[in-house]
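Coordinate analysis (summary)
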Amino acid sequence: MIAPPAARWASVRPGCPVSPSRPSLHAPRTTSARRVVIRSKADLGVERTLTDFRGDAARRALMRLDNLLSGVGDGEDELLNNVLASQPAPSKLMLSTCAGVIVITACTVACWLCGNDPLGGASFSTDSLFAALLGVGASVPLILLRRMLWNPKLIRESPVLQQLTLREAKYLEPLISGLTKPQQAVILLTDSLTIVMIMLPTLMGCIKSSLTVYFDIVQEQTGFHMPGFLPLGVALGLSSVIYAIGRFGNTNHTEDEVSVVVDAITNADRYYRVMSVTDGNRQDPLLNATAFKMVAADWLTRAHSAAMLTGVIGFFDIIYLGMLWQITGDLTAPAMVAILCSAVEYDCITKTYGLGQQE
């Protein structure tokens, strides 16, 4: 869903000085001279001390890594992103709405087959209005957490958060380009509601119903009494794990990206020795090779850490929303929490990277 990352947009080392006040989607970072210790996996054969590491070497390493990553895949993602970005606003809204309707219809059918309420207790009533107000109050801790994590200053200082938010920014850029704020809100609302429908009444509800029937059969056959909370607990845990795995896989680097980067690290010494002769480059090939190894190994670690962070956040999000749903008995409460939290993330990312600004 997200295009391959561009390594030139990530800083080489946390805490390095950044000249722009806002992270750019198109400008590489540089580093000052300092002592850097490289430690990566033993199978990569990269563990040495680099002294007098210059910003030029880092820039060249980032540019080469970006060129390598841009060549991974068959180009379909880039083509689709370009086509989506060129679509007029009505087409984007129609596409988003149709996709949401299809997903919600499929969720409704699945809930009907399992004997569950596809709306999760939500209705046009004062009870749902009260649940919505409870959801607003329950969203405060998650909103504060997201405001802290997606703070532009913290993003600039944390390579892991840069990696995470850049992937989100690359996903959002073609989708919201040329849209007004109300149109962006429609897409955000559709996305949030479909996720809530999939994870809570459909996945969690169907797992709970299936386990309830299974445990009833086991109890009748064996006489062993199952705790009443067990189906709910297992359903909530499984749903959270499934969502976390999905978020992790969506954010983590692909096997092709890892293969290309690992091969480049393995052949870095030979590559820069050859380039120093053929291109007449007087730069120290050992310095360039070591800089590339450090940047590439740092990218591998940073991408994996960003994926882990995304998975952990997603896991606890579903736990929180699922418990809120069970406590209130109304899907309006977790839906309101999901919408507000998504709005905060969206606002922070778009402001940090300057997305969605009409020309």
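Presented here is an overview of the structure given in this document. (Residues numbered from 1 in each chain as written. Predicted model: local features only at pLDDT ≥ 70, side-chain atom pairs only at ≥ 80, totals over all residues. Heavy atoms only, no water.)

Concerning the overall build of the protein
Helix and strand counts for the protein come out as 13 helices and two strands. The buried share of the protein, reckoned over its 359 residues, is 43%. Summed over its atoms, the accessible surface of the protein is roughly 18500 Å², and 63% of this surface lies on carbon and sulfur atoms. (Helix = DSSP H or I, 4+ residues; strand = E, 2+ residues; numbered from the N terminus. Buried < 20%, exposed > 50% of the residue type's maximum accessible area, 1.4 Å probe, protein only. Areas by Shrake-Rupley, 256 points an atom, 1.4 Å probe, with all protein chains shown as cover.)

Digging into a nonpolar patch on the surface
On the surface, a nonpolar cluster with roughly 380 Å² of combined accessible area is contributed by Val 109, Trp 112 and Leu 113. For Val 109, the location among the structural elements is in helix α3 (residues 89-114). (Patch = residues over 30% accessible without salt bridge, like charges linked within 9 Å, V, L, I, M, F, W, Y side chains within 5 Å. Salt bridge = Lys/Arg side-chain N within 4 Å of Asp/Glu carboxyl O.)

Brief notes about the environment of Thr 332
Tracing the backbone shows Thr 332 in helix α13 (residues 332-353). Note: C-alpha distance between Thr 332 and Ala 132 (200 residues apart in sequence) is 5.4 Å. Apart from the residues within four sequence positions on either side, Thr 332 is in contact with Ala 122, Ser 128, Ala 131 and Ala 132. (Contact = heavy atoms within 4.5 Å.)

Let's talk about the packing of aromatic side chains
Within the structure shown, the criterion is met by four aromatic pairs. An angle of 85° between the planes, with centres 5.3 Å apart, marks the rings of Phe 315 and Phe 316 as edge-to-face. Look at Phe 315 and you get partly exposed, because its relative accessible area is 27%. The class of Phe 316 is exposed, set by a relative accessible area of 52%. Between the NZ or CZ atom of Arg 64 and the centre of the ring of Tyr 271, over which it lies, the distance is 3.7 Å. The side chain of Arg 64 reaches across the aromatic face of Phe 292, ending 4.5 Å from its centre. (Phe/Tyr/Trp six-rings, centres within 6.5 Å; stacked < 30°, edge-to-face > 60°. Lys NZ or Arg CZ within 6 Å of the ring centre and 35° of its normal.)

Re the packing of helix α8 (residues 181-222) against α13
Helix-helix packing: each pair is described by the crossing angle between the helix axes and the interaxial distance. Contact geometry for α8 and α13: axes closest at 9 Å, N-to-C directions at 135°. As the angle between them shows, α8 and α13 are arranged oblique. The handedness of the crossing between α8 and α13 comes out as right-handed. In this structure, α8 contributes Gln 184, Leu 188, Leu 189, Ser 192, Leu 193, Val 196 and Leu 200 to the contact, and α13 contributes Pro 334, Ala 335, Ala 338, Ile 339, Ser 342, Ala 343 and Tyr 346. Tallied by class, residues from the contact of α8 with α13 come to 11 nonpolar, three polar and no charged. (Axes fitted to C-alpha atoms, helices over the stretch in contact; angles between N-to-C directions. Parallel < 35°, antiparallel > 145°, perpendicular 65-115°, else oblique. Left-handed = near helix turned anticlockwise from the far one by under 90°. Nonpolar A, V, L, I, M, F, W, Y, C, P; charged D, E, K, R; others polar.)

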